[in-house]
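# Secondary and tertiary structure notes
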Amino acid sequence: MCRPTFLVIGTQKAGTTWIADMLRQHSSVCMPEKKEIHFFNKKRNYKKGFEWYEEHFRSCNAPVRGEATPNYLWTSDDPHEIQESGRTNEIPKIVHDTYPDLKFIVSLRDPVERAISAYRTLIRGGYISPRKSILQVADRHGILSMGEYQTHIERWLNHFPRSKFLFLLFEEEVKGNRNNTIKRMYRFLDVNDQFVPENVDVRKHPSLGSFYENLLYYAPWLRSVANMLAPNLDRDRIPFRDLLDQPAVDNEERSKLCSYFEGRNQRLGEMIGRQPSWVDKYA
């Protein structure tokens, strides 16, 4: 049997790369080398069928098997976002109909900070022009709608019981208190929680700063050159990063982002068992 037993489903820009790294190191956990398979959320992959999907776990001998695609949490039913992203419809139902016994790990981040981080990543990846403000492109690529956690989680809970989910708060449990978080993840997956992984405190994908992000947008070939010349370059040590950096989002834009999320996640605490500190900021 090559079926997965768990999924890390989100959210984007909330430490899922670190989560996957900590899980992958455990001898009782097997994850494909490719972190994000995008099977359930991409029509082009879903059409390949479940045999194609389970092939990713073919070499797994460990009892616990899973993958991490943070966009699985995103259940937006907006026609424009579905078309732009090439997404499938009713992701939670698709997952439940095939793998009803799965467990899920979900990391949630302050939705305003998540939106800003996504915006900067999209510029760096060449999807959005740095000449466009975050408010001009807020309806693209899920920049705002991915942060409507209450809506997405409710749709997942319509198909799976609350006991199947481990909810983590990025600010408190992925950036901070990491050792305890690792143990919680291991216990949730029923593997030995005494195992100590390596590189627990290594930052994954810290910001390059707006100057370098803009540079990569206009000269994307620099990425491959940099990876070839310095594959292990620490982003925190990029020359003059702080001196050249400019805020990607100004205070007025940030204020409008806060207004957007006002009241949108008020019932989130009931769903995940505790109220994130940032929910009250947008009450």
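Residues numbered from 1 in each chain as written. Predicted model: local features only at pLDDT ≥ 70, side-chain atom pairs only at ≥ 80, totals over all residues. Heavy atoms only, no water.

The subject of this paragraph is the overall build of the chain. Scanning the chain for helices and strands turns up 14 helices and 5 strands. Residues classed as buried in the chain amount to 51% of the 283 residues present. Across the chain, contacts joining residues at least 24 apart in sequence account for 75% of those joining residues at least 6 apart. Accessible surface, the chain as shown: approximately 14200 Å² in total, 48% of it carbon and sulfur. (Helix = DSSP H or I, 4+ residues; strand = E, 2+ residues; numbered from the N terminus. Buried < 20%, exposed > 50% of the residue type's maximum accessible area, 1.4 Å probe, protein only. Contact = heavy atoms within 4.5 Å. Areas by Shrake-Rupley, 256 points an atom, 1.4 Å probe, with all protein chains shown as cover.)

This part covers the side chain of Glu253. Structurally, Glu253 is set in helix H13 (residues 251–260). There is no salt bridge for the buried Glu253, and the closest opposite charge comes from Lys256, which lies 8.1 Å off by N-O distance. (Lys, Arg positive; Asp, Glu negative; His and termini not counted. Salt bridge = Lys/Arg side-chain N within 4 Å of Asp/Glu carboxyl O.)

Applying the stated criterion across every chain, the model contains 21 aromatic pairs. When the centroid spacing of 4.5 Å and the interplanar angle of 10° are considered together, the rings of Phe39 and Tyr53 count as stacked. One end of the pair, Phe39, is in the loop between strand E2 (29–30) and helix H2 (43–46); the other, Tyr53, is in helix H3 (residues 50–55), with 14 residues separating them in the sequence. An identical accessibility class is assigned to Phe39 and Tyr53; each is buried. (Phe/Tyr/Trp six-rings, centres within 6.5 Å; stacked < 30°, edge-to-face > 60°.)

Turning to the nonpolar core, a few remarks are in order. Ranked by size, the top nonpolar core spans 49 residues in total, and within it Phe40, Leu108 and Trp156 carry the most contacts. If you list the elements that add at least two residues to this core, you get strand E1 (6–10), helix H5 (91–98), strand E4 (103–108), helix H6 (111–124), helix H7 (149–157), strand E5 (165–169) and helix H14 (268–272). Per-element accounting of this core gives the leading share, 6 residues, to H6. When sequence neighbours within four positions are dropped, the list of residues in contact with Phe40 reads Leu7, Phe50, Tyr53, Tyr72, Thr88, Ile91, Ile94, Val95 and Tyr99. (Core = buried A, V, L, I, M, F, W, Y, C linked by side-chain atoms within 4.5 Å.)

The next point concerns helix H1 (residues 16–24). Among the 9 residues in H1, 7 count as buried, and that is most of the element. Of all the positions in H1, only Thr16, Thr17, Trp18, Ile19, Ala20, Met22 and Leu23 are classed as buried.

Looking now at unusual backbone geometry. In the segment running from Gly10 into Thr11, the intervening peptide bond is cis, with an omega of -5°. Relative to the helices and strands, Thr11 is located in the loop between E1 and H1. Positive phi is not limited to glycine here, since His141 has a value of about 55°. Positionally, His141 belongs in the loop between H6 and H7.

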